[in-house]
Amino acid sequence: MLTYTPPHEQDLPPATEKPWLLLLLCLAWLLPGLLGREPLKPDEIIVSDIVRHLLDGGRWSLPQMAGEPWLERAPLFYWVAAGFAYLGQWLGLSLHEGARLATGSWMALALWGVGLAAREQIGRRHGRSAVLILIGCVGLLMPGHSLSGDVAVLAGWGWGIYALALAPRLPFPAGVLLGVAMAACGLAGSLAEAALLLVLAIGLPLFRHWRFQRYALTLIIAMAIALPLIASWPLTLRQVAPAAFAIWFDVYSLGFFGGFAQLRALHPFGYYLSLLPWFAWPSWFLAGATLWMQRDRLHQPRFQLPLLAGGLTLLCLLLSDSGRAGYALLLLPPLALIGAVGLDVLRRGAASFINWFGVLTFGFLALYIWVIWSAMHLGSPARLSERIRELAPSFEASLSIPALVLAVLMTAAWLWAVSRSRTMGRQAVTNWAAGITLCWGLATAFASGWVDARTSYRDFAASLAGQLPKNECVSSENLQSNQRAALHYYLGLNTSRREVHPDSDCRWLLRQGGRETLSAPPGWQEVWQGARPGDRNERYYLYRKAAV
């Protein structure tokens, strides 16, 4: 049953893909963007500061950002990132670069788990198909290369689905995997993600394939492993920081539903409906085409598991208290698994649409990125070169021969990939995955320095550092969490927030304004003002209390 082949798939040509090519493509997708760039707002700079706090001797049970507890997500990702950052220091990597290696590791686990799930549920040829569909998803590109706990939850979710696919054949190992996966979801995200996986496991016996006696053993083993692991962090937090535990329990413990004291639901309607068409492309298109073509086979286990997983996830998203793209990552594995079922029998018109849409889109985009490189380093086209300098005045282009050679090799590899002949459905997803990998690789190789100069808080912090007093407190007003994290990460500065301490007696004040210029409050003198080059909505002002 696990490798059931519909009659019209029996005469397919033998697979010609080589595993090492899939591994090479996954590495080409995973590695670019992990190194050689500054943390982005909002998540990356916050996680970087949390990791710095942990490595500076902070309590590992109490993540802190800019001196304040940060409890929106459970700390497993921060722990792993801190471990990679510590090891990265021995390799000469900056803290955020070393920490970002944890993202690559979690993403590799996520791809592995989804591939194994597809192979177990559909058949040997289909594991690579699911992986290709997954890395081709547009919405996975930035989270898959950023410092965010969402990728750890995605990995746990993918392995949890694999464990449930494995349960009818190997109940005991499946129980162990399911327990570890639930623990990863609960310790990297919230109790809601772990509960979602548990509800999925409990709901599967609705289908005959999972209605066997030893399935109860799988659930018992999973709960015996998951419950102590998930409970270990909240219980430790309650012991070392009762006030922080109360905040987590009341406000953040249920993730997309808030907390036990502030249970929230029903965000403004339409967010995910507008997000998913591009975020989950092309997985939703392939899944929809597969369901339509094989609508008479939806009773098969290979459809039942991903359909139930995707349905429960979508229901949670639609009922959640706020729109957040990171939560939508949980929809991608079920969509990839469904799409992989019908990939080899995808109708020629649908496969050609995805294939040529991907070739043309990524071909023109890659060509445009090469034109940008020419404008940066050769000054041609002149107007584009001037515009690049205007948008990031502090950027200084420097030719990197290794980056140039890598870009040429990636471009040549893409041209080779799109010229190969395969089964049409596989050609479509391979070309799409190769195209998105090429454009991401070119963008990170050529434009990372320019993006840093335009959007990073590094230059802003360096400019502010020369004006700050030594050994004096600084109060702040209207600074968001990512801005306070940047000040602490780059300068080691913890401000006294006026929102929390309105009676602060600090002689220095740092304020954030918008597009309109702020005037100095009564009794204060402006010492400095500045902004990030690429942000017109944030401007900062440093004041000193006027002498009486």
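Residues numbered from 1 in each chain as written. Predicted model: local features only at pLDDT ≥ 70, side-chain atom pairs only at ≥ 80, totals over all residues. Heavy atoms only, no water.

Novice: Run through the nonpolar core, naming residues and quoting values.
Specialist: Core analysis: the biggest nonpolar cluster contains 160 residues, and Phe77, Met107, Leu140, Leu164, Leu197, Leu200 and Leu237 have the highest contact counts within it. When residues of this core are assigned to their parent elements, the largest contribution, 13 residues, is made by helix α6 (residues 150–166). Contact partners of Leu140, with chain neighbours within four places excluded, come to Trp29, Met107, Leu134, Ile135, Leu154, Leu329 and Leu332. Among the nonpolar cores identified, the runner-up in size contains eleven residues, and Leu384, Ala392, Phe395 and Ala453 belong to it. (Core = buried A, V, L, I, M, F, W, Y, C linked by side-chain atoms within 4.5 Å. Buried < 20%, exposed > 50% of the residue type's maximum accessible area, 1.4 Å probe, protein only. Helix = DSSP H or I, 4+ residues; strand = E, 2+ residues; numbered from the N terminus. Contact = heavy atoms within 4.5 Å.)

Novice: Please set out a nonpolar patch on the surface residue by residue, giving values where relevant.
Specialist: Together, Phe172, Val176, Val180 and Leu217 make up an exposed nonpolar region whose accessible area comes to about 340 Å². It is helix α7 (residues 171–188) that provides the largest number of residues to the nonpolar patch, a total of three residues. Position of Phe172 relative to the elements: it lies in helix α7. (Patch = residues over 30% accessible without salt bridge, like charges linked within 9 Å, V, L, I, M, F, W, Y side chains within 5 Å. Areas by Shrake-Rupley, 256 points an atom, 1.4 Å probe, with all protein chains shown as cover. Salt bridge = Lys/Arg side-chain N within 4 Å of Asp/Glu carboxyl O.)

Novice: Break down the packing of helix α4 (residues 95–121) against α6 for me, citing the residues and quoting the values.
Specialist: Viewed as axis vectors pointing N to C, α4 and α6 meet at an angle of 20 degrees, and their least axial separation amounts to 8 Å. Taken together, the axes of α4 and α6 lie roughly parallel to each other. Crossing geometry of α4 relative to α6 is assigned as left-handed. Contacts from Thr103, Trp106, Met107, Leu109, Ala110, Trp112, Gly113, Val114, Leu116, Ala117, Glu120 and Gln121 of α4 reach α6 at Val151, Ala152, Leu154, Ala155, Gly158, Trp159, Ile161, Tyr162, Ala165 and Leu166. Class assignment of the residues belonging to the contact of α4 with α6 gives a composition of 17 nonpolar, four polar and one charged. (Axes fitted to C-alpha atoms, helices over the stretch in contact; angles between N-to-C directions. Parallel < 35°, antiparallel > 145°, perpendicular 65-115°, else oblique. Left-handed = near helix turned anticlockwise from the far one by under 90°. Nonpolar A, V, L, I, M, F, W, Y, C, P; charged D, E, K, R; others polar.)

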